[in-house]
Amino acid sequence: MAKGTFVRTTAWSPGPGCHGGCGLELYVEDGRLVKVEGDQYHPYNQGRLCPRALALTQYVYHPERFLYPLKRVGERGEGKFERISWDEALDTVEERLGEIRDKYGAEAVIFAQGTGRDVGGPISFLCYSFGSPNWVQLGLAGHSCYTPRLAAMMFTHGDYAVLDAGQFLPEGMADPEYEVPKVIVVWAQNPAAGCQDGFYGHWVTDCMKRGSKLIVIDPRWTWFSSRAEKFLQLRPGTDAALALGMLNVIISEGLYDREFVDEWCSGFDELAARAAEYPLDRVSAITWVPAEDIAQAARLYAEARPAAIQWGVPIDMGPSGTTIAQAITHLWSITGNLDIPGGQVIARAAFEVATYPFSTQELHSLYGEEFVKRMNEKRIGAQEFKLLRNFRGWGQPDRAVEQMLSGEPYPIKACWIQTTNMLGGQAADTRLHYRALKNMEFNVVVDCFPNPTSMAVADLILPAASIAEKESLRSWWSPLQVMMPAVQVGECRSDWEINLELAKRFNPELRRRFDTVKDLIDDRLKPSGYTFDELKDGHWKFPEKDTPTRPYRRYEKGLLRPDGRPGFRTPTGRLELYSTSFKEFDMDPLPFFTEPPESEVRTPELAAKYPLVMVSGRRSPVFFHSEHRNIPWLRECDPDPIVEIHPDTAQALGISDGEWVAIFNDRGRIRRKAKVTPIVHPKTISVPHGWWLPETQGTEPDLYGIWDLNCNLLVNIGPGDASGYGGGPYKTTLVAVKKLGEGAAAGRGAGDTAKRGEE
Amino acid sequence: MAKKGLLIHYDYCTGCMACVVACKQEHDYPAGRWGIMVKDFTRETEGRVQVDFLPFPTDLCDLCGRRTAAGERPACVKHCMAGCMTYGEVGELARIMETMPRSVLFAPR
C-alpha cells in the first residue's frame, strides 16, 4: 500500500530469480526494504506479482546471505571461510586469473552462468574483457535452454518470435492494433508456474479471458490441460514427430496459407515431402497420442487466425532440440501467423539495445565482428559444431566439462561461477561436474547464499546484490527500462559492478570508456537515444510504430533486413522452410524425428530393466530452479522433494502417497517422497529438479543432501545432436522406482550415499 | 456499512500462491500462519483429469482493513497473477456472481 517512500524498478534476477520483467515498488524505511508491491502502472504485470517477488524481504535479509567477500581457509568442502575486503578479493582474482592467463592463455578460464538472468550481460562482458572465448552455461547438457529454439528461429526466419500478448505495444491488449489469438497452443510448458523466456506466464490466462481456446501438448496434465479444447498427452521426447504429423495434416488437407507460403517462403515442396513421411498412424504409434486427436488439433490450430504457440524448454531438451523447434516454427510459418496481431510476433530487443547478447548480431554490435571471429577459434565446441560456431557466443557445455577433466584440446584451469548453483541444479551427471570443478586450480563463486556448489568448490566467494540493490538495464524484449537500487545490504555488489571493476583490471582500455556502471549502461542505451536518467523512475519506453523492433508485418515493410528490402534476414531473404544454413552446417535442412537416447523403442532391454520415463524439471511457482528452498514463506508452500507417480503405477509397486521411495538406474539412486497423482502418465514419473536442503549439513560429504536428492545424478550429459544444441536428456531418462520402507526420510542418514561424489 | 467480501473466480485460479505470500507479507505472518491458503482439488473423472485450485481465506483474513481504508485493494486481490479475485460489497459481488460460473463468495469475519 502507498505508505512511505518507494523505488520503482524492474525485477530481473536475484530475488525472484526469474527471467524477469515485472514492475516493482520497493518500499524503504530507514534504509531498509520493508515491503514489495507490484507496480500497477507497469505494462508487464499491471500490479500483479508472483510469490517469489513478494517474498523479497525474506531473501534480501536472510540470515545466511553472503554479505562480504570470503576466502577459503580450510580444504574445499570444509566450509571454512574468512571475511576479506573487496580490495583483497579483487586483487586475488586479478592475480590468480592473470597468472593462469599468462601461463595457459585466457581460454583456460571458463565463465559459467546458469539460466537467462541479468547475468548474461555482465558475465559475457567480463569473459571477453579477460580475453576468454568460454562463456558457458556449464552443466546444461545439450545447451538445452532456449538456445536450440533461438537457433531454429534465427536460421529459419532470421529473427526470433514469441506469442503476441500485446507485450510490444504501449497499451498492451487494449491497443487498437492488437488482436487476441483465437487459438493458443501451449506446448511443453506450464505458464502458471513461472515466467519463462521473458514471457509473463499469466498473459495466457489473460488471453483465455478474452476468448482464446487452448490446445495443450504435454506429457503431464496441468491447469491448462484441464481447460483445453484438445489435450495431447504425448510420450516425452516425441515432440518432433507430433509437429511433423500436424504439418502433414495441415499440408495434405490444404489448410495452410497458400498466399503467404508462395510470396514469402522457400522450400515448401521439400517440407511437404518430408511431412508426408509422418502419416497419422506412424505418428500416433511414436507419440502415444490417438491419431484423431492429432488431426483435430492440427485442424483447430490451422483454421484459426490468428493463432499462436507458447512453447517451453522441454523442446530444447528433446533429442536434437534444434530440429524439434524447427518443426514447430514451420507450423506458425505455413499458417501465415508470423508477425501478425495475435500470432507469433517477431521479437527483437527494444530499440536494438543489447543487454544480454541473444544473437550473433548483438555480439557483433557490442564487440565487433572481428573479435567474435577470433573468439571462435578457441571457443569450446566451435570447431566441432558448425551451427554453434555461427551462432551466438556460447561454449558447448558438455564439451566444456569433458575438457575440464581431459585438458584436451587445451587445458581449463579455472572457473568463474556467477549466480549458478550447477551441482544443486542443472548439471547433468552431477558427479562428473563435481569432479571437473574440483579439478580446477581456482574457482570463484559470485552468489547470494551458500549452496552445494559454493560449498564444494569455491576458493573465493563474492557477495552478489539482489534486485533491490542494483542498477542495470533490460531490453528483453520490450519495453526498454532500467533498474534502480533501493537499499544497500552488507557489502554486496551487483554483477555489473563486480564485473566492470574486474574487466577494467584485465583490459585497462576500458578505464577510459567507463568510470561507473551508469556510464556503461548509458553506452549500451545509445541505439535508443535515451539515457539511464531519462528511463529511471518508471519511464520505460516502447519503440515507435513502423520501426524494426515493433510489430507488425515488418517483412512487408522492409524493416527486417539490413538492406532495407522486404523479406526476412536469411541468406535467401525468404522464410526458409528448407534451411540453407542448416545444410551449410552439415545438418538436415528439414525437421525430422529421432528417438530419445534411452526409450522403449531405442533401448528395449534397458527399458525392461528401467521401465519408467523420468521427466524432470516441472516448475513450482514458489521456486526458481535450485533457489528459494531457504525462504520460509515459499518453502512452506512446496515443502518436500517429491516424485509425482500415477496411482496405477504406485499401486503396482506397493507405494502409498507420502512415503519415501528410491528412484534409480545404472547411474545412481536418489530418494524422493511419493506424490500419487493422476496428472502424470502411468509410464512416466515427474521429478522436480533443483532440490537440496539448505537446512541440512552443507559441508562434505553431504553438500546439503544433493547426493540423495538431485535427479540429475541419474541423467547423462549430451549433446544429442550434430548441431551441438539439444538432446540434454532431462526429460527422457529411464529409471525404476521402489519402496524404501520405514525411516527413509531425506535429510537424515544422508551418509550412506553421500560419498557418491567421490566414486 | 455494507458487509464486504471476496469474490473468487476459482475457475481461473492457477495455484500460483501469490495471494498466500502477499497476505503473509502484508500482515507479517511467519511461516505457519496463513491468512489465505490455496488448496489443490485435482481429481480424475471419466478419463479426464481436472486440475482445480481454490483460495480459502482463513479466520485470520481481515480483508486488509488498513489497505482498503486507504483506498487500496487487499494484498491478495491486487497481486493475484490470474486476476481472479474481486473485493467489494457482498450484495454487489453476488450479483456479479450470477454471470460468473465456477466462482465462490467469501464473507470473512
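Residues numbered from 1 in each chain as written. Chains lettered and ligands numbered in written order. Predicted model: local features only at pLDDT ≥ 70, side-chain atom pairs only at ≥ 80, totals over all residues. Heavy atoms only, no water.

Considerations on the interface of chain A and chain B
Alright, step 1. On the side of chain B, 43 residues touch chain A, which itself brings 40 residues to the contact.
Alright, step 2. Of the roughly 3,300 Å² buried between chain A and chain B on both sides combined, carbon and sulfur atoms contribute 58%.
Alright, step 3. Inspection of the region where chain A meets chain B yields six salt bridges.
Alright, step 4. Summed over the shared surface of chain A and chain B, the number is 22 residue pairs in polar contact (both at pLDDT 80 or more).
Alright, step 5. The set of elements that each furnish at least two residues to the side of chain A that touches chain B consists of strand S3 (32-38), helix H1 (51-54), helix H6 (203-209), helix H7 (223-226) and helix H28 (632-635) of chain A.
Alright, step 6. Top element by residues in the side of chain A that touches chain B is S3 of chain A. It accounts for four residues.
Alright, step 7. Counted by class, the side of chain A that touches chain B contains 22 nonpolar, 10 polar and eight charged residues. (Contact = heavy atoms within 4.5 Å. Buried area = accessible area lost by both parts, 1.4 Å probe. Salt bridge = Lys/Arg side-chain N within 4 Å of Asp/Glu carboxyl O. Polar contact = N/O pair within 3.5 Å; in protein donor to acceptor, adjacent residues only side chain to side chain. Helix = DSSP H or I, 4+ residues; strand = E, 2+ residues; numbered from the N terminus. Nonpolar A, V, L, I, M, F, W, Y, C, P; charged D, E, K, R; others polar.)

Some details on the environment of Asn-134 of chain A
Residue and element names in this part refer to chain A.
Alright, step 1. Residue placement: Asn-134 occurs in the loop between helix H4 (120-130) and strand S7 (135-136).
Alright, step 2. Distance in space between the C-alpha atoms of Asn-134 and Ile-412 is 9.9 Å, their sequence separation being 278 residues.
Alright, step 3. With near-sequence residues (within four places) excluded, Asn-134 lies in contact with Glu-107, Val-109, Ile-110, Phe-111, Cys-127, Lys-378, Arg-379, Ile-380, Tyr-410 and Ile-412.
Alright, step 4. Among the polar contacts made by the side chain of Asn-134, one reaches the side chain of Tyr-410 at a distance of 2.9 Å.

What about the pattern of salt bridges?
Should the charged atoms of two oppositely charged side chains come close, the side chains can pair.
All names here are of chain A.
Alright, step 1. In the structure shown here, the tally under the stated rule is 64 salt bridges over all chains.
Alright, step 2. The closest approach of N and O atoms between Arg-149 and Asp-316, which form a salt bridge, is 2.9 Å. Here the residue Arg-149 occupies a position in helix H5 (residues 147-157), and Asp-316 occupies one in helix H13 (residues 314-317), the gap between them amounting to 167 residues. The residues Arg-149 and Asp-316 share a single accessibility class, namely buried.
Alright, step 3. The salt bridge partner of Glu-292 is Arg-299, with a shortest N-O separation of 3.8 Å. (Buried < 20%, exposed > 50% of the residue type's maximum accessible area, 1.4 Å probe, protein only.)

What to know about the pairing of strand S9 (residues 183-187) of chain A
The side chains of a regular strand alternate, residue by residue, between the two faces of the sheet.
Residues and elements named next belong to chain A.
Alright, step 1. Burial runs high along S9: five of the five residues are buried.
Alright, step 2. Here S9 shows two buried faces, one formed by Val-183, Val-185 and Trp-187 and the other by Ile-184 and Val-186.
Alright, step 3. Strand direction decides the pairing type here: S9 and strand S13 (residues 307-311), joined by five bridges, are parallel. Bridging across to S13, Trp-187 finds its partner in Trp-311.
Alright, step 4. The sheet contact formed by S9 and strand S10 (residues 213-217) spans five bridges and is parallel. Pairing of Ile-184 across the sheet is with Leu-214, part of S10.
Alright, step 5. Handedness of the β-α-β unit built from S9, H6 and S10 comes out right-handed. (Pairing = 2+ DSSP bridges. Right-handed = clockwise from strand over helix to strand, strands pointing away.)

Considerations on the side chain of His-330 of chain A
Residue and element names in this part refer to chain A.
Alright, step 1. Its place among the elements puts His-330 in helix H14 (residues 321-334).
Alright, step 2. By relative accessible area, His-330 is classed as buried at 0%.
Alright, step 3. Not counting the four nearest positions on each side in its chain, His-330 is found in contact with Thr-156, Leu-247, Leu-271, Glu-576, Leu-577 and Pro-591.

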